[in-house]
Amino acid sequence: QTHIVVRSSSRWMILAPLIIGENRRDGNDFGALYDAMANTKVSKGEASVEMDKRNILDILGRSNDGGGFAAVDVQINQYLRSWVVCTLYEFFEDARLQYENKQMKPVDYAATCNNVGLGLANMGRYEEA
């Protein structure tokens, strides 16, 4: 079983500039995020303890049960895509509440909604976008 942990504060730091940044209203900066996800390679990963990394890579390299590097890369990519979608929804909900409470300008709310929609569309979630 694979566990991937992304701290709550980290996800806001990663996606906030993409969604609400002043120069990002056209959604173009999502491309770098999607490129990074598409190029995820567990074999190039890092570990806080070098011996752990070597052991993990050794186990994955010896896998004969359909697992191995490619399978873990797919799992990580699926997790990251799911994480991005969930975080986009959180941004939308936060923006909606701020707008309804008069804490966000209509133009900023519209830009955030647009960028969330672009993000969802780029994740293949066209109906939701």
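Residues numbered from 1 in each chain as written. Predicted model: local features only at pLDDT ≥ 70, side-chain atom pairs only at ≥ 80, totals over all residues. Heavy atoms only, no water.

## Points about the pattern of salt bridges
- Enumeration over the complete set of coordinates arrives at three salt bridges.
- With a shortest N-O distance of 2.2 Å, Arg96 and Glu93 are connected by a salt bridge. In this pair, Arg96 and Glu93 both sit in helix α4 (residues 68-100), three residues apart, roughly one turn of the helix.
- According to the relative accessible area criterion, Glu93 is partly exposed, its value standing at 32%.
- The partner of Glu128 in a salt bridge is Arg125, with the nearest N and O atoms 2.6 Å apart.
- Given a relative accessible area of 35%, Glu128 falls into the partly exposed group.
- Overlapping salt bridges, with partners in common, bring together Glu93, Arg96 and Glu100 in one network. (Salt bridge = Lys/Arg side-chain N within 4 Å of Asp/Glu carboxyl O. Helix = DSSP H or I, 4+ residues; strand = E, 2+ residues; numbered from the N terminus. Buried < 20%, exposed > 50% of the residue type's maximum accessible area, 1.4 Å probe, protein only.)

## Focus: the environment of Tyr109
- You can see Tyr109 is positioned in helix α5 (residues 106-122).
- Along the primary structure Tyr109 and Phe92 are separated by 17 residues, whereas in three dimensions their C-alpha atoms are 8.8 Å apart.
- Among all residues touching Tyr109, those that are not within four sequence positions of it are Phe92, Ala95, Arg96, Tyr99 and Met104. (Contact = heavy atoms within 4.5 Å.)

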